[in-house]
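Spelled out from the first residue to the last, the chains are:
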Number of protein chains: 2
Amino acid sequence: MQNSPFRNAAQKEADRAAKRDAVLRAAVRMFNERGFFATSLDDVAASLGISKRTIYHYLANKDQVLLECITIGLEQLLAAADDARAEPGNGRDRLVKFLRRYVEINMDDFGICVSRTGEEALSRESLPRYRALKKKIDVAMRQILTEAVEDGSIGPIDVKMTAFTLAGALNWPGRWYDPKGALTPAQISEAMVKVLMGGLDPRPN
Amino acid sequence: MQNSPFRNAAQKEADRAAKRDAVLRAAVRMFNERGFFATSLDDVAASLGISKRTIYHYLANKDQVLLECITIGLEQLLAAADDARAEPGNGRDRLVKFLRRYVEINMDDFGICVSRTGEEALSRESLPRYRALKKKIDVAMRQILTEAVEDGSIGPIDVKMTAFTLAGALNWPGRWYDPKGALTPAQISEAMVKVLMGGLDPRPN
DNA sequence: ATCAATATGCACTCACGAGTGTATTGTGCT
DNA sequence: AGCACAATACACTCGTGAGTGCATATTGAT
């Protein structure tokens, strides 16, 4: 299979995907740095040494650039939920696994983009897809919480409010995390999950 | 003192302040609804039945409109910290008081604006003031936490990470709170604080 | 070598929105 | 009455950035 057009076609496909990916990666970094609205596609193109027109060969418009970035981030979160649920141990173990990973994703480029971007940035057409993914994650979170409550490995908390509270706390690092700071994502994630699991009230021990 | 020019001058001042205030109130609502960048001052003016030029008689530019809105929100939070610290009871009581109020402020128009607005939206000139206020609140939060740890009314938590975790959780309602929803701010605030204080782990009781 | 398709750049249009110059109206003061 | 000043509107400039038409370059296929 030296010169089969198949392999070649696949190669082309891969090339194209790699370029598209590079655009998204450059875009998400600039979105996170300067904000979505303060970033022009001309800026993104310049940072890659290409022209804006080229970007439009891989992505339909600015809105789609953002939607793709967010989708990547959200899909990482979904994958984290699936992974956690496949884990052995009790409900609490799976929950902790999920939370730990959730925080870490929120300090990754695409995750940061998710936690920094509100609905206002997306177009009317992109919103349904965005909301659907968000919903899926919320459902997964509640499911994991419910299972943990049911097997008694965490206390009998209000699942809905707890899911909201956790989501807020876990998303926040996307706002202040500094890769050049002293703490690593793993340390931050561990400390935050500890606070959330243990609560502030003193524990008899 | 029927026709004293003093009263008149004061009256004028008050009129002016009231109008300025009305502009800010209209602006903050639209910022929250559609996002800062998607809101033009023409829109804000139209919603008040005035022309954009009038807005510029009360505020220097769009950046200042935003800064004022955020400042109002942040100052409410600062006031909440002061109030809480003046409260009787132990450290935990004061902390709970502060947290409860913090959440509620984040469901008020100006508070929502604070939690929805990132640094990217502000101009270089406005940032120092913004950051200074943010810092003050963070300091106050840590102070309250430290006092509670020291008098033993909450567990020996990591103050810095806890402050971050709390801030995230408490700010989140600004993103999803819907005034037309079933839950009142007081209910949400109570439930969230309960989750944070108690944690997820089961408590022997 | 040539053709078709894909990739890329250049230069443009177009809309929108921040901010302003100037004219007009209203209001209290003397 | 007339003056000074605040309030407000209208109509404008000007920059910026999304998106596009067209021309060119590159590359794989025959």
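As a starting point, this report considers the structure included with it. (Residues numbered from 1 in each chain as written. Chains lettered and ligands numbered in written order. Predicted model: local features only at pLDDT ≥ 70, side-chain atom pairs only at ≥ 80, totals over all residues. Heavy atoms only, no water.)

1. Concerning the environment of Arg100 of chain B
Residues and elements named next belong to chain B.
Then, in step 1: With respect to the element layout, Arg100 can be found in helix H5 (residues 91–105).
Then, in step 2: Considered as a pair, Arg100 and Thr162 are 62 residues apart in the sequence and their alpha carbons are 16 Å apart.
Then, in step 3: Residues within four places of Arg100 in sequence aside, it is in contact with Ala186, Ser189, Glu190 and Val193. (Helix = DSSP H or I, 4+ residues; strand = E, 2+ residues; numbered from the N terminus. Contact = heavy atoms within 4.5 Å.)

2. Considerations on the packing of helix H8 (residues 159–171) of chain A against helix H10 (residues 185–198) of chain B
Then, in step 1: Look at H8 of chain A against H10 of chain B: their axes get within 9 Å of each other, and the N-to-C directions meet at 75°. Classified by the angle their axes make, H8 of chain A and H10 of chain B are roughly perpendicular. Mapping the contact onto sequence places Met161, Thr162 and Thr165 of chain A in H8 of chain A and Ile188, Ala191, Met192, Val195 and Leu196 of chain B in H10 of chain B.
Then, in step 2: Residues belonging to the contact of H8 of chain A with H10 of chain B are distributed by class as follows: six nonpolar, two polar and no charged. (Axes fitted to C-alpha atoms, helices over the stretch in contact; angles between N-to-C directions. Parallel < 35°, antiparallel > 145°, perpendicular 65-115°, else oblique. Nonpolar A, V, L, I, M, F, W, Y, C, P; charged D, E, K, R; others polar.)

3. Examining the protein's contact with DNA strand D
Then, in step 1: Around DNA strand D, the surrounding shell holds 17 residues, and the nearest of these are Arg53 of chain A together with Arg16, Ser51, Thr54 and His57 of chain B.
Then, in step 2: For DNA strand D, the fraction of protein-proximal atoms (within 4 Å) that sit in sugar or phosphate groups is 50%.
Then, in step 3: At 3.0 Å, a backbone N or O of Lys62 of chain A approaches a phosphate oxygen of DNA strand D.
Then, in step 4: The set of elements that each furnish at least two residues to the surface near DNA strand D consists of helix H3 (52–58) of chain A together with helix H1 (5–34) and helix H3 (52–58) of chain B. (Near = heavy atom within 4 Å. Polar contact = N/O pair within 3.5 Å; in protein donor to acceptor, adjacent residues only side chain to side chain.)

4. So, the interface of chain B and chain A
Then, in step 1: Counting residues at the interface gives 43 residues for chain B and 43 residues for chain A.
Then, in step 2: Across the chain B to chain A interface the summed buried area is about 3500 Å²; carbon plus sulfur atoms make up 67%.
Then, in step 3: Looking at the side of chain B facing chain A, the largest losses of area belong to Met161, Trp172 and Leu200 of chain B, adding up to 21% of the total buried there.
Then, in step 4: Counting across the chain B and chain A interface gives two salt bridges. (Buried area = accessible area lost by both parts, 1.4 Å probe. Salt bridge = Lys/Arg side-chain N within 4 Å of Asp/Glu carboxyl O.)

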